[in-house]
Structures are given as structure tokens and as C-alpha cells.
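Here is how the chains run, residue by residue.
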Amino acid sequence: MRQPSAWQAALAAVITDPAELLEVLDLGAQLLPAARAAARAFPLRVPRGFVARMTKGDPDDPLLRQVLPLGAERQEVPRYGADPVGDLAAMVAPGVLHKYHGRVLLTATGACAVHCRYCFRRHFPYGQASAASGQWAEALAHIAADPTVSEVILSGGDPLMMSDRRLEELTRALKALPQVRRLRIHTRLPIVLPERVDEEFANWLGRTPLQKVVVVHANHPREIDGAVRQAFGRIRQTGATLLNQSVLLRGVNDDVATLAALSEAIFEAGALPYYLHMLDRVQGAAHFAVDEARARTLMAKLAAHLPGYLVPRLVREEAGADAKTLLAPGCGGNPGDGPR
Ligand SMILES: *Cc1c(COP(=O)(O)O)cnc(C)c1O
Ligand code: SF4
């Protein structure tokens, strides 16, 4: 039998028990009852290598905040729902979201290595909605029938949870479609489980003849360590363009110094900032919200601090819109009076 690879072993060893997470971080058990209760609705899940980047004894650690289930998640908050960005209405075939011109997004798998508490797909019905094995045919047929689709985005869940063999099968089918020129991968694995970017993976990506864009997801500069930098380097060696998207999160990265350090850290590692997303109003995540006026002010200060190429675009996703809504920068005027 084949040995599991290092990344599969790291994946099998993720922490799922709140008691273990608190113990590893020298945190008191007083956080445990709320963590257990919130984890019943959306389980705790975090790789050990990501936990190792947290500060022991600090319950407010910005990396911990992203993954620790809290009592606040169980409050019902008006205007926060289960499908905040209209994904179900945009589903044109199982696992195929087609919202914007020229690109389709495949929810290739529902699985993730980490469960981010603010995840906008935390209530997503992946069972029915992902193009899981055996359902590729319908998704591919939809793309094949639409000559306007020049870019296919693999998303999820996290598409790098799929084996290299399945990724290869999928890209083989895509490259047979003449209109598809670009392959984009939206993944958090190079950040939370950088072991995933091993030589086999890099070989697959390097062989793929489509133009490649890899969009990773880091929210705080401390997420970038030596293993992450090595993973970024491997991805870049395949010729892929490497971008980062973040979510603006209260208590994690909602200050200018952290956002500036994040842009610098990802650039030093070889990626450019792409989007800074306003929180999607998903039930259970309201305690992460940053209001729009403050977000614009933060962006104005960030733009006054950094070269333009290190300033991400602040965007909000609105159900039914034909692109992400740009809030800053580049909308002119002072923070707070940009176009709507
Ligand atoms: C965000 C998103 C995209 C990608 O949008 P870009 O602006 O091209 O990054 C594509 N499809 C769906 C359904 C999305 O939600
Ligand atoms: S990695 Fe992405 S899809 Fe997975 S839980 Fe985090 S935000 Fe959600």
C-alpha cells in the first residue's frame, strides 16, 4: 500500500477537539463550554502547524480568533443569514457558480483543512452543491456549452483538499475546452498546511498548460512563516501568478499597522495583495464585522503608507451584482464619500 504523503499525514492530525486546542495553547478551561457549544454547529478544525504560529496563553491571539469557536456565534443577528452572497441562486449546475462574465467558479469539494469561524460558506449545502466525484460531467458540460467562459476558478471548500490525481483528471478535461485559457485556484492550504505544496503538486501545476493564477488567503502577517514562504516559492516556480485575498476581521487585522505588515509579509514571500473582503453577513460571524466607514478610513491610511501595488482592493460581495463592489481605493474622494 502507498504511504500517505506528508501533507496527508498533517491533514489527518488536525486538531478538532476544543479541549486539546486550549491545552496546547496553555489556555484555561473556562473557554471550553462555549467552544464546545459553538463547535456543534460548525466543528473546530485547525492544522497543528498553524496552531504553532499562535502565542501561547493569549486568548485574543489573531490566529486563534480565526478558528476558536465562541459563544457569540450562537447569537441570532438580524440581516445575517445562511446564504449571504446569493450562492444558491447563482448555481447553474451542481457545484458551478456562474455570477460574473467570463469566469465560472467550481465548488470542487466541500472539505477544508481549517474551519474559519467567519467562513461565508459555513452553512453551504456541499452535499448537494459540490461537483463531487461522479458529478464532474454536468459541471464540465455547462462550461463546454458556454463559449464565453475563459477562466475556471477552483474553489470550495478548498480545492487542494483533492488529490493530485483528481486535480489532474479535472484539468485534463478543462484543457480540452478551447475557450478556457486560465485556471485559477482559490486555496488557503498553502497558508494553513503548506506541506500540501509538495514536489508532486508543483509538478502537476507546472505541467498544466493553461495560464495559472493561485489566490491564497492569509489575514495576518504572523500566518506567513518559513514553510509558507517555501510553498509560495514552489508555486511561483510553476509560472503561476500568486495573489492573496484577506477578510477584514475585527480583532484580527482591523488596524493599519497589521494590514501594512500583512501586505509587506506576503510580498516578501512572493505574492501580491488582491482583495480585502468586507465580511459576508453569514450567521454566526457578526462579532467579526467592521463597519464600512471605518474600513474606508483604514484603507485611506493604508494607501498613505504603502506603495500602490501593496494596497489590496477593499470589496464587498453583493448578491446579484455583476462584479465585486469596489469600496476602496481608486474610487476617488475622501474616505466615506466614495461612489456607491
Ligand atoms: C468572487 C467570485 C469570482 C471571482 O471574482 P474576481 O473579481 O474575478 O476575482 C468568480 N465567481 C464567483 C461566483 C465569485 O464569488
Ligand atoms: S479555508 Fe476558506 S472555505 Fe475553508 S473554512 Fe476557511 S474561509 Fe471557509
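Remember, predicted model here, so these are calculated numbers, not experimental data.

A. Geometry of the pairing of strand E3 (residues 103-107). Burial of E3 is extensive: four of the five residues sit out of reach of the surface. In the sheet, strand E2 (residues 96-100) pairs with E3 via three bridges, with the strands oriented antiparallel. Its bridge partner lying in E3, tyrosine 100 is registered against arginine 103. Hairpin connection between E2 and E3: a loop of two residues separates the two successive antiparallel strands, and glycine 102 in this loop has a positive phi of roughly 85°. Note: E3 against strand E4 (residues 151-155), five bridges, orientation parallel. If you follow arginine 103 over to E4, its bridge partner there is glutamate 151.

B. Seen up close, helix H12 (residues 256-269). With 14 residues, H12 extends 20 Å from end C-alpha to end C-alpha; this agrees with the ideal 20 Å at 1.5 Å per step. Residues Val256, Thr258, Leu259, Ala260, Leu262, Ser263, Ala265, Ile266 and Ala269 constitute the buried set of H12. Against helix H11 (226-237), strand E7 (241-247), strand E8 (272-277) and helix H13 (292-303) lie the buried residues of H12. After H12 finishes, the residue glycine 270 shows a positive phi value of roughly 115°.

C. Up close: the layout of surface pockets. Each pocket or cavity is described by its volume, and for the largest pocket that value is around 940 Å³. Every element with two or more residues in the lining of the largest pocket is listed here: E2, E3, E4, strand E5 (182-186), helix H9 (189-192), strand E6 (211-217), E7 and E8. By residue class, the composition of the lining of the largest pocket is 24 nonpolar, 11 polar and 11 charged.

D. Region of interest: the domain arrangement of the protein chain. What the domain assignment reports for the protein chain is domain 1 (6-74) and domain 2 (91-328). Contact residues are listed per partner, giving 28 residues for domain 1 and 33 residues for domain 2. Roughly 2600 Å² is buried in total at the junction of domain 1 and domain 2, and carbon and sulfur atoms are behind 58% of that figure. The interface formed by domain 1 and domain 2 holds four salt bridges in total.

E. Structural view of the environment of leucine 205. Along the chain, the position of leucine 205 falls in helix H10 (residues 199-207). By relative accessible area, leucine 205 is classed as buried at 0%. Contact partners of leucine 205, with chain neighbours within four places excluded, come to Ile185, Lys212, Val214, Ile235, Thr238 and Ala240.

F. Structural context of the site of ligand 2. Around ligand 2, the neighbouring residues are Cys112, Val114, His115, Cys116, Cys119, Gly157, Arg188 and His217. Among the residues making up the shell around ligand 2, the classes are represented as four nonpolar, three polar and one charged.

Rules and cut-offs
Residues numbered from 1 in each chain as written. Chains lettered and ligands numbered in written order. Predicted model: local features only at pLDDT ≥ 70, side-chain atom pairs only at ≥ 80, totals over all residues. Heavy atoms only, no water. Buried < 20%, exposed > 50% of the residue type's maximum accessible area, 1.4 Å probe, protein only. Helix = DSSP H or I, 4+ residues; strand = E, 2+ residues; numbered from the N terminus. Pairing = 2+ DSSP bridges. Expected span 1.5 Å × (residues − 1). Contact = heavy atoms within 4.5 Å. 1 Å grid on protein atoms, 1.4 Å probe; cavity = no way out; pocket = protein on both sides within 12 Å on 5 of 7 lines; lining within 4 Å. Points joined across faces, edges and corners; volume = space filled by probe spheres on them. Nonpolar A, V, L, I, M, F, W, Y, C, P; charged D, E, K, R; others polar. Domains from an automatic or database assignment. Buried area = accessible area lost by both parts, 1.4 Å probe. Salt bridge = Lys/Arg side-chain N within 4 Å of Asp/Glu carboxyl O. Near = heavy atom within 4 Å.

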